[in-house]
Amino acid sequence: MSRSQRIRHHYQPRIDDMRANYDVVDWASAEAQQIRFAVLADNLPLDGRTLLDVGCGLGDLLTFLKGREISTDYCGVDLLSEMIESARSRNPDGRFVCGDIFHAEQNGDPLGANELFDVVFCSGMLNLELGNNHDFLPDALKRMMQLASGHMVVNLLHTRTEKKYPHCTYYDPDSVLKILKPFTADVRLIDDYLPNDFTLICNAADGRQ
Ligand SMILES: C[S@@+](CC[C@H](N)C(=O)[O-])C[C@H]1O[C@@H](n2cnc3c(N)ncnc32)[C@H](O)[C@@H]1O
């Protein structure tokens, strides 16, 4: 099975109107999902900014930001057309595009040519175990840094997690910081909001690649 087939295989059966949104996108609870959004919103100015939500799922980040009266020029991208359709129906005012920003050369770029965003955010997209997550991570971080004119923010599951699931991948913050070193010297690690997660806030304007 290819990488995208495995992602589809995991999420497609979860897309069901009877499930809560957090459950469709496979977070443990709505609170755990929203705490991750709050780390973004509490640490960067977002009002009036262009924001790319990579692996946007049902677009819950946009709903969260509107609830806080934060107005962004939002774009959500997801691999699954079913997620995008559902996200559009929940937030008709949002821009949602379907595709894979990491394989744009083979499959076509779902974003505009040379499009940059003030903030690129990626919540949970890199946590599903696909057999090559740690090999894929440097390319994924590089691509997201390239798409950001201001900041790139990513959260990942932490290796310190006590109850680990076999379908998830866990990351060591120090190893991820090493990967980011060639791209920027300005990275902030936040790891005090949940026991199983950490967030990296990277200044993409510092040492642009
Ligand atoms: C854990 S869910 C998180 C959804 C959303 N960020 C949230 O927190 O509500 C991960 C999402 O990433 C999407 N995804 C995984 N790999 C992707 C890729 N290469 N490109 C775009 N979307 C991807 C999945 O389809 C899924 O909707």
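Residues numbered from 1 in each chain as written. Predicted model: local features only at pLDDT ≥ 70, side-chain atom pairs only at ≥ 80, totals over all residues.

Some words on the overall build of the chain
1) Next: For the chain, the count of helices and strands is 8 helices and 7 strands.
2) Next: Overall, the chain is about 45 × 40 × 35 Å in size when its C-alpha atoms are taken along their principal axes.
3) Next: Nonlocal contacts in the chain, meaning residues at least 24 apart in sequence, comprise 62% of its contacts between residues at least 6 apart. (Helix = DSSP H or I, 4+ residues; strand = E, 2+ residues; numbered from the N terminus. Contact = placed C-beta atoms within 7 Å.)

Considerations on the pairing of strand S6 (residues 187-190)
The two faces of a sheet get side chains in turn, since along a regular strand they alternate between them.
1) Next: Summarising the sheet, S6 and strand S7 (residues 197-203) pair through 4 bridges and their orientation is antiparallel. Note on S7: the bridge partner recorded for Val187 is Cys202.
2) Next: In this antiparallel pair of consecutive strands, S6 and S7, the connection spans 6 residues. (Pairing = 2+ DSSP bridges.)

With respect to the site of the ligand
1) Next: As a matter of local geometry, the ligand sits amid 19 residues, with Val25, Gly55, Gly57, Leu79 and Gly124 nearest to it.
2) Next: In the shell around the ligand, the residues fall into 10 nonpolar, 5 polar and 4 charged. (Near = placed C-beta within 6 Å. Nonpolar A, V, L, I, M, F, W, Y, C, P; charged D, E, K, R; others polar.)

Notes on the sheet that holds S7
1) Next: Taken in spatial order, the 7 strands of this open sheet run S3-S2-S1-S4-S5-S7-S6, and their pairing is mixed. Strands with a single pairing partner mark the edges of an open sheet, and in this sheet they are strand S3 (95-98) and S6. Going across the sheet, the axis of each strand differs from the next one's by a mean of 15°, ignoring polarity.
2) Next: As judged from the 5 bridges shared by strand S1 (residues 50-54) and strand S2 (residues 73-78), these two strands associate in the parallel manner. The residue of S2 that forms the bridge with Leu52 is Cys75. (Axes fitted to C-alpha atoms, helices over the stretch in contact; angles between N-to-C directions.)

Regarding the nonpolar core
1) Next: Val54, Val120, Phe121, Met144 and Met152 are the most contacted members of the largest nonpolar core, which totals 51 residues.
2) Next: In terms of residues, this core owes the most to one element, strand S5 (residues 148-157), which gives 6 residues.
3) Next: Among all residues touching Val120, those that are not within four sequence positions of it are Leu52, Val54, Met144, Leu147, Ala148 and Met152. (Core = buried A, V, L, I, M, F, W, Y, C linked by C-beta atoms within 7 Å. Buried ≥ 20, exposed ≤ 12 C-beta atoms within 10 Å, placed from the backbone.)

Brief notes about helix H4 (residues 60-67)
1) Next: Of the positions making up H4, those classed as buried are Asp60, Leu61, Leu62 and Leu65.
2) Next: Contacts made by the buried residues of H4 are with helix H2 (21-24), helix H3 (30-43), S1, S2 and strand S4 (117-123).
3) Next: Directly beyond the C-terminal end of H4, a positive phi value near 60° is found at Glu69.

Quick notes on the pairing of S2
1) Next: Burial analysis of S2 places 5 of its 6 residues in the buried class, which makes it a mostly covered element.
2) Next: In this sheet, S3 lies alongside S2 in parallel orientation, the contact comprising 4 bridges. In the sheet register, Val77 faces S3, and the bridge partner there is Val97.
3) Next: Traced from S2 through helix H5 (residues 81-90) to S3, the parallel crossover comes out right-handed. (Right-handed = clockwise from strand over helix to strand, strands pointing away.)

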